[in-house]
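Residue-level listing of the chains:
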Amino acid sequence: MTTTLLGACPHDCPDTCSLLTTVQDGVAIKVQGNPHHPLTDGVLCTKVSRYTERTYHPDRVLHPMKRVGPKGSGQFQRVSWEEALSDIAARLKAIADTSPERILPYSYAGTMGMVQGESIAMRFFNLLGAAKLDRTICSSAGGEALTQTLGGKLGMKVQFFAQSKLILIWGSNVITSSVHFWRIAQEAKRQGAKLVCIDPRRTETADKCDVHLAIKPGTDAALALGLMHELITHDWLDHDYINNYTLGFDALRERALRWTPERTAEVCGLKAEDIRQLAHDYAHIQPAAIRLNYGVQRSHGGGNAVRAVACLPALTGAWRHRAGGVVLSASGHALHNGAALQRHDLHTNARAPLINMSTIGDALNTPGLVEAVVVYNSNPVAVAPESAKVVKGFAREDLFTVVLEHFMTDTADHADYVLPATTQLEHWDIHNSYGHTDMVLNRPAISPMGEAKTNTHIFRELSTRMGLHSPLLQEDDESLCRLALQHPRNLQSAAPVTWDALLKDGFAHWPMDDAPFAQGGFATPSGRCEFVSERLVAQGLDGLPDYLPNYEPANPQASYPLAMISPPARNFLNSSFVNVKSLRDMEGEPLLEIHPEDAAARQVKDGAMVRVFNDRGSHVCKAQISTRAQAGMVVGLGIWWRKLSRDGTNVNQLTSQRLTDMGRAPVFYDCAVQVETLAA
Ligand SMILES: Nc1nc2c(c(=O)[nH]1)N[C@H]1C(S)=C(S)[C@@H](COP(=O)(O)OP(=O)(O)OC[C@H]3O[C@@H](n4cnc5c(=O)[nH]c(N)nc54)[C@H](O)[C@@H]3O)O[C@H]1N2
Ligand SMILES: Nc1nc2c(c(=O)[nH]1)N[C@H]1C(S)=C(S)[C@@H](COP(=O)(O)OP(=O)(O)OC[C@H]3O[C@@H](n4cnc5c(=O)[nH]c(N)nc54)[C@H](O)[C@@H]3O)O[C@H]1N2
Ligand code: SF4
Ligand SMILES: [Mo]
């Protein structure tokens, strides 16, 4: 018998596609895009088109596994659920009896689902009084910056980019990381729009835009200020918009006037005339829209950069048109009830520290801070910065580690127990998006593989065995999906998202104004677009956006002269899919793109093995001589599994645990290295 079921792509990708899974005699044979969801439009990326290859992968962890060799060796033996759960519960309870705050949950966006993400799991750790995780690894610098400027993760409705006449794709390789946005930009291009890509790397997206500005990494705030200089000196401003809907224009004006095109060009590594042209275009080609993305906020001044860019549409009044403005994330328009799912009010342990996931390396090596760590939906050993410290921490013999996973990842290799988790085809979930403003429901298409259990089920079982008997920990997955809709503002809305619509169509639109800030109405304390943020001033910080140089800029005189960035590879999703052979074959092996001049200066030949190194570590990979990398900058596309590389490391062996100016986020793209050829 053949059936089709509606689902949601679980991955950390702004597109949050609606899926259509074909099931034949209980086996999922095909995963396709839902043709009725306007943004998915029947199309999926290459990765998720292979979702069945991942689900039925011969290496799926299908039984609880207990470690029998040294940490990291990957030697495990199969045990029963009963044995695994009772031992884990006993070990965690022994810690929780005296110091629950020494138990750390470590999770991120392996699934973006609200139920298999942070529902029962979060309630469990909250009731336990565990350490709190500061969830900073991806978007918190930009998120904080948007909050200070616009009042939240708010912005344009992505569909309307199709009607824009000028699109700035700023800090994003959308062909790789948001292919459905690229389809919208293509639609705009067919209607005559000009596309400008602002990216230090000549990406596939840059190749296909009308203009590529190969900015130096970490200098976006300077470019935004330079554009403001031109808008102000030529009076290409919407004074009415500025007067009525913004705060702090005079102060911003004074700062921006220091950023002449010449000074901006010098800092950004661009031509002054290109900056003048971009400012002219931005003021004259309307509607003008900015697809800002997380690539700009992974360096020292990342928060300030997002603040500076987010100010631009208020200067020209671009917000007046629904196809004008900016969007980094629009997730703040959703009206789901996250608080009811997660129940942070249950946490009463005042001793619990807030542990930054981006500095997990330091946290695990701080004596007495963490005694047990429970990892789900994340692979920190591969994705967190400064791997040497992360590995050392996870290798601690006195650390009790439980990992809920689909595969034996680099992190799972360090676990005491690995518990088999279900994939998206095997469980219920409900999703918001950070790229669009629809909610998407995921129904299970097949029964759990092997002995796999849902994350929620595993935490329900652990709580019972640890004597946590709250009914809140026993709510079932479908009820949790429904609960996500129980937000007072959704219930009171004229066009609420309903359970019936989700069951029937697989998705529903959150109500939102077409042009959310056409007449101000920002979610900031002043209700205005805050060029000056009093909240930042109150924290003793600069209230205006400014350019903060990278911690580790390219510098020919330094011992580590090259700037390295490590953005996503097209056929992986962070470290997910690296073990799916057909996708790994497309990526080949870990590569380092290096500009011909930098290669020549080091006698590096194309295809040669090189050692990339700095004081934090060293990583061996294959050189690819390419002008995709600008001179002075190398690119290591990520995020490879350490154990699938030449020398058991990946790019994060080189990245640092320093943090951004806002949001306590990592600076993955602010990292200086040296490169040398390896002797054959
Ligand atoms: N295929 C694929 N898709 C993904 C992911 C993946 O791993 N693979 N990851 C997902 C996740 S978790 C996220 S957060 C999103 C991220 O998606 P985006 O935020 O859209 O960013 P990326 O496409 O990752 O690319 C970042 C781009 O920023 C550029 N960049 C680096 N430094 C700078 C800088 O200082 N200034 C500017 N202007 N640009 C810079 C890089 O060269 C790169 O092209 O993508 C998601 N989608
Ligand atoms: N150098 C460098 N490092 C980076 C980045 C970069 O650009 N450069 N990007 C950063 C960014 S933006 C992000 S978001 C982080 C991402 O880091 P992570 O959120 O850790 O993402 P993944 O590496 O995809 O790992 C997710 C894991 O969750 C598992 N998983 C998926 N679904 C489920 C489930 O339902 N249950 C359970 N138990 N497990 C599940 C998957 O099998 C996978 O191993 O990496 C960051 N690291
Ligand atoms: S990874 Fe992104 S583009 Fe691919 S199916 Fe999922 S949501 Fe769609
Ligand atoms: Mo991310």
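Some words on the environment of Leu-472
Part 1 of the reasoning: With respect to the helices and strands, Leu-472 occurs in the loop between helix H19 (455–465) and helix H20 (477–483).
Part 2 of the reasoning: A C-alpha to C-alpha distance of 9.8 Å links Leu-472 and Ser-119, two positions 353 residues apart in sequence.
Part 3 of the reasoning: With near-sequence residues (within four places) excluded, Leu-472 lies in contact with Ile-120, Arg-123, Arg-343 and Leu-346.

Examining empty space enclosed by the protein
Part 1 of the reasoning: Taken as a whole and assessed by the stated rule, the structure comprises four cavities of 30 Å³ or more.
Part 2 of the reasoning: There is about 80 Å³ of room inside the second largest cavity.
Part 3 of the reasoning: Per-element accounting of the lining of the second largest cavity gives the leading share, three residues, to helix H7 (residues 179–190).
Part 4 of the reasoning: For the lining of the second largest cavity, the per-class residue count stands at five nonpolar, four polar and two charged.
Part 5 of the reasoning: Looking at which domains feed residues into the lining of the second largest cavity, each of domain 1 (2–55) and domain 3 (156–328 + 523–538) gives three or more.

A word on the site of ligand 3
Part 1 of the reasoning: Near ligand 3 you find Cys-9, Cys-13, Asp-15, Thr-16, Cys-17, Leu-44, Cys-45, Val-48 and His-180, and these make up its full shell.
Part 2 of the reasoning: A class-by-class count of the residues in the shell around ligand 3 yields six nonpolar, two polar and one charged.

Points about the sheet that holds strand S9 (residues 194–198)
Part 1 of the reasoning: Strand order in this open sheet of five strands is S10-S9-S8-S12-S13, and the pairing throughout is parallel. Each edge of the sheet is formed by a strand with only one pairing partner; in this case those strands are strand S10 (211–213) and strand S13 (325–327). Here the average twist between neighbouring strands, direction ignored, is 15°.
Part 2 of the reasoning: Pairing of strand S12 (residues 288–292) with S13 involves three bridges; the strand directions are parallel.

Examining unusual backbone geometry
Part 1 of the reasoning: In this model, Gln-286 is joined to Pro-287 through a cis peptide bond whose omega is -5°.
Part 2 of the reasoning: Turning to its location among the elements, Pro-287 is positioned in the loop between helix H13 (272–284) and S12.
Part 3 of the reasoning: In this structure, the amide linkage connecting Gly-638 to the following residue, Ile-639, adopts the cis form with an omega of 0°.
Part 4 of the reasoning: For Ile-639, the position within the fold is in the loop between strand S26 (633–635) and strand S27 (672–677).

Regarding the site of ligand 1
Part 1 of the reasoning: Taken together, the neighbourhood of ligand 1 is formed by 32 residues, with Ser-172, Ser-177, Asp-199, Tyr-294 and Phe-572 sitting nearest.
Part 2 of the reasoning: Measuring from a nitrogen atom of ligand 1, one finds a side-chain N or O atom of Lys-47 at 3.1 Å.
Part 3 of the reasoning: Residue Gly-295 places a main-chain N or O atom 3.3 Å away from an oxygen atom belonging to ligand 1.
Part 4 of the reasoning: Contact with the protein chains removes 98% of the 900 Å² of surface that ligand 1 exposes when unbound.
Part 5 of the reasoning: When its residues are assigned to classes, the shell around ligand 1 shows 15 nonpolar, 10 polar and seven charged.
Part 6 of the reasoning: Formed jointly, the shell around ligand 1 draws a minimum of three residues from each of two domains, domain 3 (156–328 + 523–538) and domain 4 (562–677).

Regarding the pairing of strand S19 (residues 438–442)
Regular strands show a simple pattern: their side chains alternate between the two faces of the sheet.
Part 1 of the reasoning: With five of its five residues buried, S19 lies for the most part within the structure.
Part 2 of the reasoning: Note: strand S18 (residues 429–431) against S19, three bridges, orientation antiparallel. Along S19, the bridge assignment pairs His-431 with Val-440.
Part 3 of the reasoning: Counted along the chain from S18 to the antiparallel partner S19, the turn is six residues long.
Part 4 of the reasoning: Here S19 pairs with strand S20 (residues 507–509) via three bridges, running antiparallel.

Notes on the nonpolar core
Part 1 of the reasoning: Core analysis: the biggest nonpolar cluster contains 89 residues, and Trp-170, Met-228 and Leu-312 have the highest contact counts within it.
Part 2 of the reasoning: In this structure Met-228 touches Leu-252, Ala-256, Ala-308, Cys-311, Leu-312 and Leu-315, once residues within four positions along its chain are discounted.

Quick notes on the packing of aromatic side chains
Part 1 of the reasoning: Inspection of every chain in the model, using the stated rule, returns 16 aromatic pairs.
Part 2 of the reasoning: Seen in terms of ring centroids, Tyr-376 and Phe-459 are 5.2 Å apart; in terms of plane orientation they differ by 70°. Their pairing is edge-to-face. Note that Tyr-376 is positioned in strand S15 (residues 372–376) and Phe-459 in helix H19, a separation of 83 residues in sequence.
Part 3 of the reasoning: Taking relative accessible area as the criterion, Phe-459 reaches 0% and is therefore assigned buried.
Part 4 of the reasoning: Centre to centre, the rings of Phe-517 and Phe-522 are 4.2 Å apart; their planes meet at 25°, and the pair counts as stacked.
Part 5 of the reasoning: The exposure class assigned to Phe-517 is buried, which follows from its relative accessible area of 2%.
Part 6 of the reasoning: The ring of Trp-259 carries the charged tip of Arg-263 above its face, separated from the ring centre by 3.6 Å.
Part 7 of the reasoning: Above the face of the Phe-613 ring, Arg-611 is positioned so that its terminal group lies 4.1 Å from the ring centre.

The rules behind the values
- Residues numbered from 1 in each chain as written.
- Chains lettered and ligands numbered in written order.
- Predicted model: local features only at pLDDT ≥ 70, side-chain atom pairs only at ≥ 80, totals over all residues.
- Heavy atoms only, no water.
- Helix = DSSP H or I, 4+ residues; strand = E, 2+ residues; numbered from the N terminus.
- Contact = heavy atoms within 4.5 Å.
- 1 Å grid on protein atoms, 1.4 Å probe; cavity = no way out; pocket = protein on both sides within 12 Å on 5 of 7 lines; lining within 4 Å.
- Points joined across faces, edges and corners; volume = space filled by probe spheres on them.
- Nonpolar A, V, L, I, M, F, W, Y, C, P; charged D, E, K, R; others polar.
- Domains from an automatic or database assignment.
- Near = heavy atom within 4 Å.
- Pairing = 2+ DSSP bridges.
- Axes fitted to C-alpha atoms, helices over the stretch in contact; angles between N-to-C directions.
- Polar contact = N/O pair within 3.5 Å; in protein donor to acceptor, adjacent residues only side chain to side chain.
- Areas by Shrake-Rupley, 256 points an atom, 1.4 Å probe, with all protein chains shown as cover.
- Buried < 20%, exposed > 50% of the residue type's maximum accessible area, 1.4 Å probe, protein only.
- Core = buried A, V, L, I, M, F, W, Y, C linked by side-chain atoms within 4.5 Å.
- Phe/Tyr/Trp six-rings, centres within 6.5 Å; stacked < 30°, edge-to-face > 60°.
- Lys NZ or Arg CZ within 6 Å of the ring centre and 35° of its normal.

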